[in-house]
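Coordinate analysis (summary)
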Amino acid sequence: MTRQAWVNGVYIAAEEARISPFDRGFLFADGVYEVTAVYNGRTVDMDRHLDRLERSLGELKFGAMPDRKELEEVHRRLIADNGIVEGYVYLQVTRGAYGSRDFVAPDKPRLTRFAYAESRALIDTPHARNGLRVISVPDIRWSRRDIKSVGLLAQALAKTEAKAQGADDAWLVAPDGHITEGASSNAWIVTEDGEIITRALSNVILAGVTRHALFDSLGQQGRKITERSFTLEEARNAAEAFTTAATGLVTPVVEIDGVKLGQGRPGPITRGVQKLYYTAIGADVSKAAPWVLD
Ligand code: PLP
């Protein structure tokens, strides 16, 4: 089946999709994006993703918004036309192309809008089952990480370095020794006493949609989450750790910089959190992820 993408209002075979090299997204990373998980052929938390997209565009003073109803329809149609049961929809909005390279943003943007969808297992994956081995790398990003900018070079380099070292992913460490977040996820640790800890929201991390959903689910169970920053040292000594993201949902972390956490296997609290989140998005946990019942 030919993969369908969507560019500026037109559905088109993905290989034929084109944008101008003068696009400010290409020249200046002047754009934002969202990745929305798809499970059972439906988007997961699309409203929150679109809210965050609008916030990112507002913070960058785009002065124009894509039509939200149209974007919702684009998600639905890309999922249907591409036969996506489990996977994601990628959506990018840039300030557009103006035929030259001017640092000064135009008064009236001509937004470039691009989306495509891809099938990908989210739940029954080796990483969800066995956990990630992560390395720590210095967080060299700009200071507005609350904006989901397409300027992802630091993250791409971090993940490439992780692969070069034989690891699965990278966690980013601020100059003060505290973990900010994962290269494309929010970072969580669990103490020996079962306390679940993740960094509080601010400009130094992205307000993850999956993070938000987990707060809701854990809150409904009366479970407390401690929002505070933690050091790399604390993470290495944690009983358990995990990441949250639309592309990996809840993924255990079993090793940091070669140091095994606990038994070096996904821990019971992380398993419980996985089960809770999978159930919240409508997965039949007994079928979809038998290992979480361990
Ligand atoms: N932090 C960063 C830097 C990310 O890139 C992502 C997702 O791509 C997240 C956190 C998690 O956000 P979400 O749960 O909305 O996917």
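Our subject in this report is the structure included herewith. (Residues numbered from 1 in each chain as written. Predicted model: local features only at pLDDT ≥ 70, side-chain atom pairs only at ≥ 80, totals over all residues. Heavy atoms only, no water.)

A few words now on the site of the ligand. In the region of the ligand, 18 residues are neighbours, and R52, E181, V209, T210 and A246 sit closest. At 3.4 Å, a backbone N or O of S185 approaches a nitrogen atom of the ligand. Backbone polar atom of A246 to an oxygen atom of the ligand: 2.8 Å apart, as the coordinates give it. Calculation on the ligand without its partners gives an accessible area of 390 Å², and the protein chains cover 94% of this total. (Near = heavy atom within 4 Å. Polar contact = N/O pair within 3.5 Å; in protein donor to acceptor, adjacent residues only side chain to side chain. Areas by Shrake-Rupley, 256 points an atom, 1.4 Å probe, with all protein chains shown as cover.)

Let's shift gears to the packing of helix α6 (residues 209–220) against helix α8 (residues 268–280). Where α6 contacts α8, the two axes come as close as 10 Å, and the packing angle between them is 100°. Taken together, the axes of α6 and α8 lie roughly perpendicular to each other. Between α6 and α8, the contacting residues are T210, A213, L214, S217 and L218 on the first element and V273, L276, Y277 and A280 on the second. Looking at the contact of α6 with α8 residue by residue, the classes come out as seven nonpolar, two polar and no charged. (Axes fitted to C-alpha atoms, helices over the stretch in contact; angles between N-to-C directions. Helix = DSSP H or I, 4+ residues; strand = E, 2+ residues; numbered from the N terminus. Parallel < 35°, antiparallel > 145°, perpendicular 65-115°, else oblique. Contact = heavy atoms within 4.5 Å. Nonpolar A, V, L, I, M, F, W, Y, C, P; charged D, E, K, R; others polar.)

Turning to the nonpolar core, a few remarks are in order. Among the nonpolar cores identified, the biggest contains 28 residues, and I123, L214, F242, L249, Y277 and Y278 are the most heavily contacted of them. Those elements that provide at least two residues to this core are β3 (31–39), β10 (186–190), α6, β14 (249–256), α8 and α9 (285–288). With four residues, α8 is the single largest residue contributor to this core. For this core, the domains that each give at least three residues are domain 1 (4–119) and domain 2 (126–293). Not counting residues up to four positions away in its chain, the partners in contact with L249 are A37, L122, I123, T210, T243, T244, Y277, Y278 and I281. (Core = buried A, V, L, I, M, F, W, Y, C linked by side-chain atoms within 4.5 Å. Buried < 20%, exposed > 50% of the residue type's maximum accessible area, 1.4 Å probe, protein only. Domains from an automatic or database assignment.)

Let us now look at the packing of aromatic side chains. As enumerated under the stated definition, the model contains nine aromatic pairs in all. Where Y90 meets Y116, the ring centres are 5.5 Å apart and the plane angle is 35°; that geometry is what we call tilted. Here Y90, found in strand β5 (residues 87–94), pairs with Y116, found in strand β6 (residues 112–119); they are 26 residues apart in sequence, far enough to count as distant. The exposure class of Y90 is buried, given its relative accessible area of 15%. Among the aromatic side chains, those forming a connected cluster through ring pairs are Y33, Y88, Y90, F114 and Y116. (Phe/Tyr/Trp six-rings, centres within 6.5 Å; stacked < 30°, edge-to-face > 60°.)

Nothing here speaks to function; it is all geometry.
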